[in-house]
Amino acid sequence: MKIASIFGLAAITVHFAGRLLWPYEAKYYFNRRESWVERLQTPPEIVFMGSSTVLYGVSPSVIQRQLRLHDGAVINLSIDARSPIASYYVWERENPTLSKAKIVVYGLDPWILSEIYYRSDEFTSLRYSLWQAIYQAAHPPSLRHLNLAAFGGPALLTAFHGLQTYHARINQPIPPIPPDYGAKNLRGWPTNFSHAFHIREYFGSYPTYQISDLYLEGFAELKRRVEASGATFILLLPPKRARWSESYRRDCTDIDSDVVAKLNKYLGPTRVFGSFDLVPPSMENQYFQDDFHLGETGQKFFSTWVAEHLNDAIAKPPERI
């Protein structure tokens with residue numbers, strides 16, 4: 001009982017202390033990572049955003065060649081585990097450049113919309129409910145994390161540090177334009193080809209962690225700002241391995257229903273293209289680096305496909321997802 005009381009007290013402390021920092025969310029997300037777009041000679045025409053499946057799956061250079069666009073006309077601003085809220089702040093920070101784009105393509109992976117992904121972002125994890133904080137205390141990743149800091153302490157300290165260093169980050173130099181305008185390659189021996197049987201694990205303990213209204217609110221605001229600038233907003237479904245898709249359809253019907261309902265509620269009619277089932281099973285070993293990340297060869301395949309079908313996606317009227 002004493003241990004449970006300590007966990008509960010610590011969870012309550014972190015939960016309510018985090019509320020003191022919430023008004024400073026924009027400052028926390030400020031960094032110079034994407035400010036390289038200010039070095040482009042002309043603003044980009046097509047901007048890709050999202051998380052790791054787009055970071056490793058979409059090559060601006062390939063798309064530029066396919067569409068016969070100039071260098072820098074296509075950029076990739078995706079990052080591992082990036083949430084829609086973080087993408088929204090990227091858009092706001094670099095608005096003078098990005099708002100001149102004609103097309104914004106956002107890669108949609110269902111698990112990135114789950115509240116379980118708050119833990120990938122120390123600031124957003126302060127938004128966990130009190131029950132979620134206590135649940136994390138009782139379900140640590142491993143015994144070595146079984147301590148008072150396991151369910152919010154590091155998040156609170158990291159978020160506070162991020163706010164403290166805000167002014168220092170403002171003065172950081174603008175980084176150079178990265179190779180392939182932001183995209184990266186995964187190379188080496190393919191891994192994680194057996195995890196596709198456990199897709200429900202990607203969403204934590206559902207419905208303890210639900211599809212996040214907080215993330216969808218940020219997503220909707222990003223879409224609204226993009227369209228207000230005159231650009232076309234499109235969702236892109238990056239491919240997955242066949243076993244991943246099979247497990248998702250079999251084991252995550254309730255989660256997928258929640259994802260679709262909330263996307264329609266917050267985003268409204270939206271253009272969507274791509275498919276989780278895009279890669280033929282016979283080519284999976286050559287194209288995938290793991291269950292849902294494309295390798296270098298797969299990136300070329302998918303980027304070529306995106307370039308070939310982008311105009312058709314733009315021509316379609318927005319619809320319910």
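Everything discussed here concerns the structure shown above.
**A closer look at the overall build of the chain**
Move 1: The helix and strand inventory of the chain stands at 14 helices and five strands.
Move 2: Expressed as a percentage of its 321 residues, the buried residues of the chain come to 51%.
Move 3: Here the chain displays about 15,100 Å² of accessible surface, and carbon together with sulfur accounts for 56% of that area.

**A closer look at the environment of Trp22**
Move 1: In this fold, Trp22 is placed in the loop between helix 1 (2–19) and helix 2 (25–28).
Move 2: The contact partners of Trp22, leaving out residues within four places of it in the chain, are Phe123, Leu126 and Arg127.

**Looking at the layout of surface pockets**
Move 1: Within this model, the second largest pocket holds a volume of roughly 410 Å³.
Move 2: What lines the second largest pocket is a set of 19 residues, and nearest its centre among them are Tyr28, Tyr29, Arg33, Ala86 and Asp121.

**Topic: the sheet that holds strand 4 (residues 232–237)**
Backbone-to-backbone hydrogen bonds join strands into a sheet, with any given pair of strands oriented parallel or antiparallel.
Move 1: In spatial order, the strands read 2-1-3-4-5; together these five strands make up an open sheet with parallel pairing. Each edge of the open sheet is held by one strand with a lone partner, namely strand 2 (74–76) and strand 5 (271–274). Averaged over all pairs of adjacent strands, the angle between their axes in this sheet comes to 25 degrees, without regard to strand direction.
Move 2: In this sheet, strand 5 lies alongside strand 4 in parallel orientation, the contact comprising four bridges. Paired with Ile234 across the bridge in strand 5 is Arg271.
Move 3: Sitting on the sheet, helix 10 (residues 213–228) touches strand 3 (103–107) and strand 4, and the angle it makes with strand 4 is about 135 degrees.
Move 4: With respect to the sheet, helix 14 (residues 296–315) is in contact with strand 1 (46–49), strand 3, strand 4 and strand 5, its orientation differing from that of strand 5 by roughly 150 degrees.

**Side note on empty space enclosed by the protein**
Move 1: Using the criterion set out here, one finds one cavity of 30 Å³ or more in the structure.
Move 2: Lining the largest cavity, in full, are Gly50, Ser51, Arg82, Pro84, Tyr106, Gly107, Leu108, Asp109, Ile112 and Leu113.
Move 3: In terms of residue class, the lining of the largest cavity is made up of five nonpolar, three polar and two charged.

**Things to note about helix 5 (residues 84–93)**
Move 1: The element helix 5 is largely enclosed, with a buried count of eight among its ten residues.
Move 2: If you check which residues of helix 5 are buried, you get Pro84, Ile85, Ala86, Ser87, Tyr88, Tyr89, Val90 and Trp91.

**Quick word on the packing of aromatic side chains**
Aromatic ring pairs: the centre-centre distance and the angle between the two ring planes describe each pair.
Move 1: A complete count under the given rule lists 23 aromatic pairs for this structure.
Move 2: A centroid spacing of 5.6 Å and a plane angle of 75 degrees characterise the contact between Phe30 and Tyr166, whose relative ring orientation is edge-to-face. With Phe30 in the loop between helix 2 and strand 1 and Tyr166 in helix 9 (residues 166–170), the pair connects residues that are 136 residues apart, well separated along the chain.
Move 3: For Phe30, a relative accessible area of 16% translates into the label buried.

**Notes on helix 12 (residues 253–267)**
Move 1: Compared with an ideal rise of 1.5 Å per residue, which puts 15 residues at 21 Å, helix 12 spans 21 Å between its outermost C-alpha atoms and is within 8% of the ideal.
Move 2: Every buried residue of helix 12 is accounted for by Ile255, Asp258, Val259, Lys262, Leu263, Asn264 and Leu267.
Move 3: For helix 12, the secondary structure elements touched by its buried residues are helix 10 and strand 4.
Move 4: Following helix 12 by one or two positions, Gly268 has its phi on the positive side, about 70 degrees.

**Quick word on the nonpolar core**
A general trend in soluble globular proteins is that nonpolar side chains are found buried together.
Move 1: Core analysis: the largest hydrophobic core is formed by 59 residues, its most contacted members being Ile75 and Phe219.
Move 2: Looking at this core, the elements that each hand over two or more residues are strand 1, helix 5, strand 3, helix 8 (153–164), helix 10, strand 4, helix 11 (242–251) and helix 12.
Move 3: Leaving out residues up to four positions away in the same chain, Ile75 has contacts with Trp36, Val37, Leu40, Pro44, Ile46, Val47, Phe48, Pro60, Leu98 and Tyr181.
Move 4: Core analysis: the next-biggest nonpolar cluster, separate from the first, contains 22 residues, Val54, Val58, Phe302 and Val306 among them.

**Some words on the side chain of Gln289**
Move 1: Residue placement: Gln289 occurs in the loop between helix 13 (284–287) and helix 14.
Move 2: Relative accessible area serves as the criterion here: at 10%, Gln289 is assigned to the buried category.
Move 3: Engagement of the side chain of Gln289 in a polar contact is seen with the backbone oxygen of Arg187, the distance being 3.4 Å.

The rules behind these values
- Residues numbered from 1 in each chain as written.
- Predicted model: local features only at pLDDT ≥ 70, side-chain atom pairs only at ≥ 80, totals over all residues.
- Heavy atoms only, no water.
- Helix = DSSP H or I, 4+ residues; strand = E, 2+ residues; numbered from the N terminus.
- Buried < 20%, exposed > 50% of the residue type's maximum accessible area, 1.4 Å probe, protein only.
- Areas by Shrake-Rupley, 256 points an atom, 1.4 Å probe, with all protein chains shown as cover.
- Contact = heavy atoms within 4.5 Å.
- 1 Å grid on protein atoms, 1.4 Å probe; cavity = no way out; pocket = protein on both sides within 12 Å on 5 of 7 lines; lining within 4 Å.
- Points joined across faces, edges and corners; volume = space filled by probe spheres on them.
- Pairing = 2+ DSSP bridges.
- Axes fitted to C-alpha atoms, helices over the stretch in contact; angles between N-to-C directions.
- Nonpolar A, V, L, I, M, F, W, Y, C, P; charged D, E, K, R; others polar.
- Phe/Tyr/Trp six-rings, centres within 6.5 Å; stacked < 30°, edge-to-face > 60°.
- Expected span 1.5 Å × (residues − 1).
- Core = buried A, V, L, I, M, F, W, Y, C linked by side-chain atoms within 4.5 Å.
- Polar contact = N/O pair within 3.5 Å; in protein donor to acceptor, adjacent residues only side chain to side chain.

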